Structure formats: structure tokens, C-alpha cells
Amino acid sequence: MTLLDYVDQLHRIIDAAPDPSGGPVPNPGSGEAPPGVIGNRVLTILKWIAYLAVAACVGGLLYTAGKMALAHRRGDDTNVSQLGWVFAACLLIGSASAVVSALI
């Protein structure tokens with residue numbers, strides 16, 4: 001098949017797709033808690049999770065720094081990429097609420 005055949009097949013697939021203009025896309029808003037869920041309890045659980053995630057970041061950073069110190073003493077520099085992954089995790093955990101509010 002040539003490129004034109006693929007493009008022609010793609011046009012046929014798009015033409016056969018159902019019409020998406022069935023009305024406006026519904027907007028769910030920012031959502032609301034289900035009945036019976038107390039907001040303070042959910043917020044408390046999220047705070048605990050955030051605390052544990054930050055503790056894991058600090059622990060991961062200390063662990064990686066220790067491994068890097070031992071590797072440097074042996075003349076090896078293989079743990080630099082691991083430090084980058086720990087920094088990326090710290091950045092993602094630190095900006096989690098901002099990322100979610102930007103996507104919602």
C-alpha cells in the first residue's frame with residue numbers, strides 16, 4: 001500500500017465514524033463528594049498521604065546521597081541518574097495539587 005492508500009483508508013474510517021455533534025459536551029464542574037462522605041476525613045487522609053510522600057522523597061534523597069558518596073569513594077559515578085529520578089519524584093509530589101487543578 002502506498003501513502004495515498006493509507007490516507008484514503010483513514011478518510012473512509014473518519015467518514016464512517018458516528019457524528020459527534022449530538023450536543024454540547026457536559027461539564028461536570030469541580031465535582032462533589034458522594035452522600036455520607038465527610039469532607040474533613042477525606043482531607044485528613046490526603047494530608048497523611050502527602051506527608052508520607054514527602055517523607056519518602058526525603059528518605060530517597062538521603063539514600064541516593066549515601067549511595068553516591070560510597071560510589072564516589074570507589075571511583076564510580078553510576079548513581080547520578082538515580083538522583084535525577086528522585087528529584088523528578090520530589091518535583092511531581094510537590095506540584096501534585098497544582099497539576100491536578102490545572103487539568104481539571
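In this text, all values refer to a predicted model and were calculated from it rather than measured experimentally. Chains are numbered independently. Their residues run from 1 in the order of the written sequence. Reporting of local features is limited, given that this is a predicted model, to residues whose pLDDT is at least 70; pairs of side-chain atoms are given and counted only at 80 or more, and all residues count toward the totals for whole chains, interfaces and linings. The side-chain numbers reported here are obtained from all heavy atoms of the structure, hydrogens and water having been left aside.

## A word on the overall build of the protein chain
Labels follow the DSSP assignment, with helices taken as runs of H or I lasting at least four residues and strands as runs of E lasting at least two, numbered in each case from the N terminus. From N to C terminus, the protein chain includes four helices and zero strands. For the protein chain, the α and β elements follow one another from N to C terminus as α-α-α-α. Residue burial is assigned from relative accessible area. The probe radius is 1.4 Å, only protein chains are included, and a residue is buried under 20% of its type maximum, exposed over 50%, and partly exposed in between. Counting every position in the protein chain, which comprises 104 residues, the buried fraction comes to 6%. Using a 1.4 Å probe, the Shrake-Rupley method yields the accessible areas, and only the shown protein chains count as cover for residues. When the accessible surface of the protein chain is summed, it comes to about 9100 Å², and 69% of that surface belongs to carbon and sulfur atoms.

## Things to note about the state of the cysteines
Two cysteine sulfurs form a disulfide in these notes if their separation is within 2.5 Å. As enumerated under the stated definition, the model contains zero disulfides in all. With no disulfide partner, Cys57 has as its closest neighbouring cysteine sulfur the one in Cys90, 3.5 Å distant. A relative accessible area of 11% places Cys57 in the buried class. Under the relative-accessibility criterion, Cys90 is labelled partly exposed at 26%.

## Some remarks on the layout of surface pockets
It is the rolling of a water-molecule-sized probe over the atoms that shows where space remains empty. Its volume calculated, the largest pocket comes out at about 160 Å³. Only protein atoms enter the 1 Å grid used here, on which a cavity is any set of points holding a 1.4 Å probe that cannot leave and a pocket is any open set flanked by protein within 12 Å on both sides along at least five of seven lines; residues with an atom within 4 Å of a point are listed as lining. If you go around the largest pocket, the residues you meet are Leu46, Ile49, Ala50, Ala53, Val54, Ile93 and Ala96. Throughout, the ten residues Ala, Val, Leu, Ile, Met, Phe, Trp, Tyr, Cys and Pro are labelled nonpolar, Asp, Glu, Lys and Arg are labelled charged, and all others, Gly among them, are labelled polar. Of the residues in the lining of the largest pocket, the class split is seven nonpolar, no polar and no charged. Grid points are joined across faces, edges and corners, and a volume is the space filled by probe spheres set on the points.

## Some words on a nonpolar patch on the surface
Two joining distances apply to patches: 9 Å for like charges and 5 Å for nonpolar side chains (Val, Leu, Ile, Met, Phe, Trp, Tyr), and every residue must have over 30% relative accessible area and no salt bridge. Counted as salt bridges are all cases of a side-chain nitrogen of Lys or Arg within 4 Å of a carboxyl oxygen of Asp or Glu. On the surface, a nonpolar cluster with roughly 670 Å² of combined accessible area is contributed by Val37, Val42, Leu43, Ile45, Leu46, Trp48 and Ile49. Residue position: Val37 is located in the loop between helix H1 (3-16) and helix H2 (39-74).

It is worth stressing that arrangement in space is one thing and function is another; only the former is reported here.
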